[in-house]
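Fold and geometry: a report
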There are 2 protein chains.
Amino acid sequence: MVDLLADYMQNIESYPVLSQVKPGDIYSSFPQHPPHAGESFEDVLNDVHEKIFPGLTHWQSPNFYAYFPSHASGPSILGDFLSSGLGIQGMLWSTSPACTELETLVLDWMVEIAELPKHFHSSQTGGGVIQDSASTAALCAAVAARERALANNNTDITKLTAYISGHTHSSAEKSLRIAGFASSQIRHLEVDDTFAIRADDFSQQVARDLAENLVPAFVCATIGTTSSLAFDPVPEIAEIARQHSIWTHVDAAYAGSAAVCPEYQYLLDGVEKVDSYCFNPHKWLLTNFDCDLFYVANKSDLVNALTMTPEYLRNKATESGQVFDYSGWQVSLGRRFRSLKLWFVIRHYGVEGLKAHIRKHIELAIEFAARVEADTNYELYQPRALNLVCFRHKGGDEKTRQILEQLNAEGRMFLTHTILNGVYVMRFVPGAIRTEMRHIEAAWESIAQLGAA
Amino acid sequence: MVDLLADYMQNIESYPVLSQVKPGDIYSSFPQHPPHAGESFEDVLNDVHEKIFPGLTHWQSPNFYAYFPSHASGPSILGDFLSSGLGIQGMLWSTSPACTELETLVLDWMVEIAELPKHFHSSQTGGGVIQDSASTAALCAAVAARERALANNNTDITKLTAYISGHTHSSAEKSLRIAGFASSQIRHLEVDDTFAIRADDFSQQVARDLAENLVPAFVCATIGTTSSLAFDPVPEIAEIARQHSIWTHVDAAYAGSAAVCPEYQYLLDGVEKVDSYCFNPHKWLLTNFDCDLFYVANKSDLVNALTMTPEYLRNKATESGQVFDYSGWQVSLGRRFRSLKLWFVIRHYGVEGLKAHIRKHIELAIEFAARVEADTNYELYQPRALNLVCFRHKGGDEKTRQILEQLNAEGRMFLTHTILNGVYVMRFVPGAIRTEMRHIEAAWESIAQLGAA
């Protein structure tokens, strides 16, 4: 398996980035009934090569520029492998103390690395925990917000309101719906020309809801939206929210990784005033999925909302109050030893290595954006943000869409699109671990040729 | 890393099963600040040995008899390693078709292996998906149930009611609370002498709620409770639920694995009438955490409740309606290639190997229970169920508790307890992959000695 993965990484550029199979191709390539007797491992590995590989979209390819990246670095893969091999459960401190305490340690380290508010450190009122994804972090935040609002107001869930924008990640609305908010309780805030929430609209919508005896409970501000890396005005939103005891959750799933560099720490302005914050090292910080870091300003808000301890889980360590039982900080009871992979990454690269990694991708995006600007057939739809370039062909939506589809069909790269102000734009995100300047140049060459055709 | 894990597995019996560290020991053994520059991998591995290992509770030890097991077999570890190394995202079919289609395949295989209702097969009205845990499966079921009840009744969430028992896993109540049910909307059903839900009490509580114009929406029946492996009467519960359009979710997290053997398929009686069902190969079926198999009778119920498709995720395959996008079957958007590990397990062991594995553990429990019964100091608290033996010292609760604490402190084995009818009992679950008759004999020798002292 080690050889298979090493070969895969070495040859990754030989595969079409976007899988070219048709629906049903993979399923129907396998026997429709399970084997009666065990099979040889060699046969299984042959099938991985022959049947699974054609059905992969290669997220680790240097030519993957779609969505946001999802990293799998060497140290992280090994940390994950160790987690799989040890096979322990981290639901309670007592079920493997190292699982809990290493997680606390790396989350405290990250408070220092990314200069997060000091009260997110485990020794203070707050604390952090690894969630599988920003979706689940938003769900935990929404549930904690809901419980706090219900406890502080003599009301029921149907009177609560929540605030997002049309550019907030869809997982925030989904989380609110999962947490029992009806669609009619979820407000969509207006955005400005940069697709950032208008704080004045937030203020007005809150006032309107208060006037109707509703209870504003939750707002999600985004540092780096998915479509266009817009930055909601966190300081203003958090200030308004504080005045009305509204829980502010900040989703920095992608852009939060940039805060390991001092020059991007300004992105986190205002986070010191919010109730919860998350970002995903599994996107842009060299750590395998799943690794979302979720911090709360007051851990008691979270733990009170999510802790249940039946008799069969009672133990002296829990009752001593001296330990964290992270199952009470998340949805599921069970949990993997996820901190190992992040710990491996931080130790292998060091803080300086993390910074260099972020800077490299931003530099590549700067180079790509310069080529777009210099080309008469293309235009930037908005200024480059970090390592996202949103651009389009001057020939319009249909031409832009055709170019994107052709690029993806050829398999030499994979890009995705979004729609901004009704306009179809391509998103180009040089963020894969192996992406170098030569890949950007080759990608641009293909794009420029199609643009000129 | 391969060597480290191979050595670990070979030497696993040399470690105290239950970690003997004190709160804070592990955290304080590490530098409180992250490294500026990268470190050597050798240093990191040394720390794994010296600092992490003492903080592990060894779930893969053959002397682990606590809770329920959490398996990590060789093929499964390798499948998980492959998933980590490929580093793909399975949120949509198009983001890696093989991730979706192999998952559908192994879930369809399992319908055949465990003789699940045929309508759980993907080609029928139902279908299956891998969730991280039974907790999350219960949450998805609760949300789907809630949405169905709200759609079918002109009401709001505060009028819905849900039904569990004091022996239902705590994750069911937690899931309901996360889904927005207040404590006052959750009914605890009475149990009989075997700790199974009394169907007549369910019927009466439903009638009472209907009389108060409430809307019964969800009931969770358990096949093998955590405390004592009690079996709720699924056929009766499902029949009552059907009459009132109540969603029946069946949690067979642990015991469901036994259904790979024809002689235990009777445990699933009534599952053909329920709305959703789950069991965890990551507990007792040789597959690493996280791997919960969650089936629904009507996939549209689930997908309607959990699907959101923003512009940046739109693609032709989704719009064709020919594919499953599993992010719409779960809470999170992101997802690992989790089917690989289960596929490796089924192919390596074959269906016959899976059966032999289950039968071995049940045989070990039979042997252990026979020793308890033959000993004048101990008694079975209830008849053995599958591979769970609940027993106690005849000297009473305090004596039993002392014995359990001493056994765990010595590190030669790890057992946990529960309280049944106010009585403290030890739970002994021979379910680790490496547990053989010699371990049972050694464990019993220690237990018998302490009992005679």
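Being a predicted model, the structure only gives us computed values, none of them experimental.

**Digging into unusual backbone geometry**
Residues and elements named next belong to chain A.
- Note that the residue after Phe 289, namely Asp 290, is joined by a cis bond; omega there is 10°.
- Relative to the helices and strands, Asp 290 resides in the loop between helix H10 (281–284) and strand E7 (292–296).
- Of note in the backbone geometry, Ser 245 takes a positive phi value of approximately 55° without being a glycine.
- Tracing the backbone through its elements, the reader meets Ser 245 in the loop between helix H9 (234–243) and strand E5 (247–251).

**Points about the packing of helix H6 (residues 134–152) of chain A against helix H11 (residues 299–306) of chain A**
Residues and elements named next belong to chain A.
- The geometry of H6 relative to H11 is characterised by a closest axis approach of 9 Å and an angle of 90° between their N-to-C directions. When the axis of H6 is compared with that of H11, the two are roughly perpendicular. Listed contacts from H11 to Cys 140, Val 143, Ala 144, Glu 147 and Arg 148 of H6 are Asp 301, Leu 302, Ala 305 and Leu 306.
- When the residues that make up the contact of H6 with H11 are grouped by side-chain class, the tally is six nonpolar, no polar and three charged.

**Digging into the relation of the copies chain B and chain A**
- Each copy superposes on the other: chain B lies on chain A with an RMSD of 0.0 Å after a rotation of 180° and an axial shift of 0.0 Å. Such values leave the two copies arranged in the relation of a two-fold axis.
- A share of 99% of the interface residues of chain B reappears at the interface of chain A, consistent with the copies meeting face to face through the same patch.

**Notes on the sheet that holds strand E9 (residues 389–393) of chain B**
All names here are of chain B.
- A sheet is described by the order of its strands in space; here four strands give the open sequence E8-E9-E11-E10, paired in antiparallel fashion. Here the strands that pair on one side only, and so sit at the sheet edges, are strand E8 (378–380) and strand E10 (416–420). Averaged over all adjacent pairs, the angle separating strand axes in this sheet is 40°, with direction ignored.
- Sheet analysis places E10 next to strand E11 (residues 423–428), joined by five bridges and oriented antiparallel. Bridging across to E11, Thr 418 finds its partner in Val 425.
- Along the sheet, helix H15 (residues 437–452) makes contact with E8, E9 and E11, crossing E8 at roughly 125°.

**Quick look at the pattern of salt bridges**
- This model, assessed by the stated rule, comprises 58 salt bridges over all chains.
- Across the pair Lys 341 of chain A and Asp 80 of chain A runs a salt bridge, and its minimum N-O distance is 3.6 Å. Taken together, the positions of Lys 341 of chain A in helix H13 (residues 339–374) and Asp 80 of chain A in helix H4 (residues 74–86) put the pair 261 residues apart, joining distant regions of the chain.
- Of the charged contacts in the structure, one is a salt bridge between Asp 209 of chain B and Arg 187 of chain B, with a shortest N-O distance of 2.9 Å. One end of the pair, Asp 209 of chain B, is in helix H8 (residues 199–211); the other, Arg 187 of chain B, is in strand E3 (residues 186–189), and 22 residues separate them in sequence.
- Overall, the relative accessible area of 5% leaves Asp 209 of chain B in the buried class.
- A cluster of three or more residues bridged by salt bridges with shared partners is formed by Asp 80, Asp 290, Arg 336, Arg 338 and Lys 341 of chain A together with Asp 80, Asp 290, Arg 336, Arg 338 and Lys 341 of chain B.

**Focus on the confidence of the model for chain A**
- On average, chain A scores 96 in pLDDT, and the residues at 70 or more come to 100%.
- Among the prediction metrics, the complex's ipTM stands at 0.96, with pTM recorded as 0.97.

**Describing the packing of aromatic side chains**
- One pass over the full model with this rule turns up 51 aromatic pairs over all chains.
- Considering the side-chain rings of Trp 343 of chain A and Phe 30 of chain B, the 5.4 Å spacing of their centres and the 75° angle between planes classify their relative orientation as edge-to-face. On the criterion of chain membership, the pair formed by Trp 343 of chain A in helix H13 and Phe 30 of chain B in the loop between helix H2 (25–28) and helix H3 (41–52) is interchain, its members lying in two chains. Each member of the pair, Trp 343 of chain A as well as Phe 30 of chain B, is classed as buried.
- Geometrically, the ring pair formed by Tyr 378 of chain B and Phe 391 of chain B is tilted, given 5.7 Å between the ring centres and 55° between the ring planes.

**Some thoughts on the pairing of strand E4 (residues 215–222) of chain B**
Residue and element names in this part refer to chain B.
- Among the eight residues in E4, eight count as buried, and that is most of the element.
- Across four bridges, strand E2 (residues 160–165) lies against E4 in parallel orientation. Each bridged residue has a counterpart across the sheet, and for Thr 161 the counterpart in E4 is Pro 216.
- Pairing between E4 and strand E5 (residues 247–251): five bridges, direction parallel. Residue pairing in the sheet places Ala 221 in a bridge with Val 250 of E5.
- Handedness of the crossover is the feature at issue here: the chain leaves E4, passes through helix H9 (residues 234–243), returns alongside E5, and the resulting connection is right-handed.

**Quick notes on the environment of His 244 of chain A**
- In this fold, His 244 of chain A is placed in the loop between H9 and E5.
- Between the alpha carbons of His 244 of chain A and Phe 68 of chain A there is a distance of 34 Å; along the sequence they are 176 residues apart.

**Details of helix H13 (residues 339–374) of chain B**
- Over its 36 residues, H13 of chain B extends only 44 Å from the first C-alpha to the last, a length that falls short of the 52 Å expected when each residue adds 1.5 Å.
- At Gly 350 of chain B, H13 of chain B shows its largest bend, some 90°.

**Observations regarding the interface of chain B and chain A**
- Contact residues are listed per partner, giving 129 residues for chain B and 128 residues for chain A.
- Where chain B abuts chain A, roughly 10800 Å² becomes buried across the two surfaces, and 65% of that area is made up of carbon and sulfur atoms.
- On the chain B side of the interface with chain A, the three residues burying the most area are Phe 81, Tyr 312 and Arg 347 of chain B, jointly 8% of the side's total.
- Where chain B packs against chain A, one counts ten salt bridges.
- Asp 47 of chain B is the partner of Arg 347 of chain A in a salt bridge, and the nearest nitrogen-oxygen pair spans 2.5 Å.
- The tally of links between chain B and chain A comes to 62 residue pairs in polar contact (both at pLDDT 80 or more).
- Along the lines of polarity and charge, the residues of the side of chain B that touches chain A split into 62 nonpolar, 41 polar and 26 charged.

**Observations concerning the nonpolar core**
- In this structure, Tyr 277 and Trp 343 of chain A together with Tyr 277 and Trp 343 of chain B are the most contacted members of the largest nonpolar core, which totals 222 residues.
- Those residues in contact with Trp 343 of chain B that lie beyond four places of it in its chain are Phe 30, Val 44, Asp 47, Val 48 and Ile 52 of chain A together with Leu 102, Val 106 and Trp 109 of chain B.
- With 71 residues, the next largest nonpolar core counts Ala 134 and Ala 142 of chain A together with Ala 149 and Val 296 of chain B among its residues.

**So, helix H3 (residues 41–52) of chain A**
- When we look at burial in H3 of chain A, the residues that qualify are Val 44, Leu 45, Asp 47, Val 48 and Ile 52 of chain A. End-on, the buried residues of H3 of chain A take up no more than an arc of 155°, which puts them together on one face. Opposite its buried face, H3 of chain A presents the exposed residues Glu 42 and Glu 50 of chain A, each directed more than 90 degrees away.
- If you follow the buried residues of H3 of chain A, they end up packed against helix H1 (2–10) of chain A together with helix H4 (74–86), helix H5 (97–113) and H13 of chain B.

Calculation notes
Residues numbered from 1 in each chain as written. Chains lettered and ligands numbered in written order. Predicted model: local features only at pLDDT ≥ 70, side-chain atom pairs only at ≥ 80, totals over all residues. Heavy atoms only, no water. Helix = DSSP H or I, 4+ residues; strand = E, 2+ residues; numbered from the N terminus. Axes fitted to C-alpha atoms, helices over the stretch in contact; angles between N-to-C directions. Parallel < 35°, antiparallel > 145°, perpendicular 65-115°, else oblique. Contact = heavy atoms within 4.5 Å. Nonpolar A, V, L, I, M, F, W, Y, C, P; charged D, E, K, R; others polar. Least-squares fit on C-alpha atoms with pLDDT ≥ 70 in both. Pairing = 2+ DSSP bridges. Salt bridge = Lys/Arg side-chain N within 4 Å of Asp/Glu carboxyl O. Buried < 20%, exposed > 50% of the residue type's maximum accessible area, 1.4 Å probe, protein only. pLDDT = per-residue confidence, 0-100. Phe/Tyr/Trp six-rings, centres within 6.5 Å; stacked < 30°, edge-to-face > 60°. Right-handed = clockwise from strand over helix to strand, strands pointing away. Expected span 1.5 Å × (residues − 1). Bend = angle between axes of the 7 residues up to and from the residue. Buried area = accessible area lost by both parts, 1.4 Å probe. Polar contact = N/O pair within 3.5 Å; in protein donor to acceptor, adjacent residues only side chain to side chain. Core = buried A, V, L, I, M, F, W, Y, C linked by side-chain atoms within 4.5 Å. Arc of directions from axis to C-beta.

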